[in-house]
Amino acid sequence: VAVIMDGNGRWALKKNLPRYDGHWKGAEVAENIIEWCNDRGIKYLTLFSFSTENWKRPQAEINMIFHILAKYLSDRLNKVIEKNARLHFIGDLDALNPETRLICLNSEQSTSKCTGMVINLAVNYSGRSMLWQMSYTELYFTDVLWPDFSESDLDLALEDFSKRERRFGGIG
C-alpha cells in the first residue's frame, strides 16, 4: 500500500488553523495508518511525505515539516522496533538539514534487522520520476484530505482494490 499524504495545508485552512496544524494532524494520521495496515497484515507501506516540488513552499513551513518528521522519528522509534517494523527511506536525504538527515539514517539503521512490516518513507523524492515506477500500480483516489483519513477510509480503499482484476499487461 502506498499513500500520498496530501491536503494537510488545505485541511488546516478550511478549519481556520495555521498550516502547520494540518501537518501535525497529518503526522498523527500517518502513525495511525501504520498501525491499521500492520493490524491487517499489510507487509509494505509507503508514505509519500515530501516531494522535491515541496521545496517551493515557504521556508518556515518546510522547517516545520522536517521538525515534525524528526520529532516523530525520535519519539516513536522504540515503538516501531517493538512492532518489529523496519523503516526505509526513499529519496535524496542529502538535501535535508544535518540533524533531520541523521535522525532519518539512525532510524533506518536501528530498524534494519526488524523482519515485520516495512515502512517506506518517501522524503525529497521526485514526483515526476515516480510516474515510471508506478506503471502497474493500482490507483485509488479519494476526496478525503489526509488529516481526515480514517480507518474506515482505508477499509474502503482496500475493499475497492480487492474487487479489481489485475492482468499485468495481459488480456485475459
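Residues numbered from 1 in each chain as written. Predicted model: local features only at pLDDT ≥ 70, side-chain atom pairs only at ≥ 80, totals over all residues. Heavy atoms only, no water.

**Digging into the sheet that holds strand S4 (residues 118-125)**
(1) Moving on: Read across the open sheet, the 4 strands follow the order S1-S2-S4-S3; overall the sheet is parallel. Edge positions in the sheet fall to strand S1 (2-4) and strand S3 (86-90), since each of these pairs with one other strand and no more. Pairwise comparison of adjacent strand axes, ignoring direction, gives a mean angle of 20 degrees for this sheet.
(2) Moving on: The pairing of S3 with S4 spans 5 bridges and is parallel. Residue pairing across strands places Leu 87 opposite Ile 119, the latter belonging to S4.
(3) Moving on: Lying on the sheet, helix H2 (residues 19-39) is in contact with S1, strand S2 (44-51) and S4; it crosses S2 at an angle near 165 degrees. (Pairing = 2+ DSSP bridges. Helix = DSSP H or I, 4+ residues; strand = E, 2+ residues; numbered from the N terminus. Axes fitted to C-alpha atoms, helices over the stretch in contact; angles between N-to-C directions. Contact = heavy atoms within 4.5 Å.)

**Describing the packing of aromatic side chains**
We describe a pair of aromatic rings using the distance from one ring centre to the other and the angle between the two ring planes.
(1) Moving on: Summed over all chains, the structure comprises 6 aromatic pairs.
(2) Moving on: Here Trp 24 and Tyr 72 contribute two aromatic rings whose centre-to-centre distance is 6.4 Å and whose plane-to-plane angle is 45 degrees, an arrangement assigned as tilted. Note that Trp 24 is positioned in helix H2 and Tyr 72 in helix H3 (residues 59-82), a separation of 48 residues in sequence.
(3) Moving on: Judged by centre distance (5.1 Å) and plane angle (80 degrees), the rings of Phe 50 and Trp 55 are edge-to-face. (Phe/Tyr/Trp six-rings, centres within 6.5 Å; stacked < 30°, edge-to-face > 60°.)

**Some details on the state of the cysteines**
(1) Moving on: Throughout the structure, instances matching the rule amount to 0 disulfides.
(2) Moving on: Unpaired in terms of disulfides, Cys 37 finds its nearest cysteine sulfur in Cys 114, a separation of 17 Å.
(3) Moving on: The exposure class of Cys 37 is buried, given its relative accessible area of 0%.
(4) Moving on: Free cysteine Cys 104: the closest other cysteine sulfur is in Cys 114, separated by 16 Å. (Disulfide = S-S within 2.5 Å. Buried < 20%, exposed > 50% of the residue type's maximum accessible area, 1.4 Å probe, protein only.)

**Let's talk about the environment of Asp 21**
(1) Moving on: Among the structural elements, Asp 21 can be located in helix H2.
(2) Moving on: Accessibility expressed as a relative area gives 25% for Asp 21, which makes it partly exposed.
(3) Moving on: When the C-alpha atoms of Asp 21 and Ser 152 are compared, they prove to be 23 Å apart, with 131 residues separating the residues in sequence.

**Re the pattern of salt bridges**
(1) Moving on: For the coordinates displayed, the defined rule picks out 13 salt bridges.
(2) Moving on: Arg 76 is the salt-bridge partner of Glu 31, the closest N and O atoms lying 2.9 Å from each other. Separated by 45 residues along the polypeptide, Glu 31 in helix H2 and Arg 76 in helix H3 bring together distant segments of the chain.
(3) Moving on: For Glu 31, a relative accessible area of 18% gives the class buried.
(4) Moving on: A salt bridge links Asp 94 to Arg 101, with the nearest nitrogen and oxygen atoms 3.1 Å apart.
(5) Moving on: Given a relative accessible area of 30%, Arg 101 falls into the partly exposed group.
(6) Moving on: Linked by salt bridges that have partners in common, Glu 31, Glu 35, Arg 76, Lys 79 and Lys 83 make up one network. (Salt bridge = Lys/Arg side-chain N within 4 Å of Asp/Glu carboxyl O.)

**Structural notes on the environment of Ile 103**
(1) Moving on: Position of Ile 103 relative to the elements: it lies in helix H4 (residues 98-110).
(2) Moving on: Distance in space between the C-alpha atoms of Ile 103 and Glu 82 is 18 Å, their sequence separation being 21 residues.
(3) Moving on: For Ile 103, the contacting residues outside a window of four places in its chain are Ala 70, Leu 73 and Ser 74.

**Some words on H4**
(1) Moving on: When the terminal C-alpha atoms of H4 are compared, their 18 Å separation across 13 residues agrees well with the 18 Å that a helix rising 1.5 Å per residue should span.
(2) Moving on: Where H4 is concerned, the buried positions are Thr 100, Ile 103, Cys 104 and Ser 107. The buried residues of H4 occupy one face: seen down the axis, they fall within an arc of 100 degrees. When the buried face of H4 is taken as reference, the exposed residues oriented beyond 90 degrees from it are Pro 98 and Gln 109.
(3) Moving on: On its buried face, H4 is in contact with H3 and S3. (Expected span 1.5 Å × (residues − 1). Arc of directions from axis to C-beta.)

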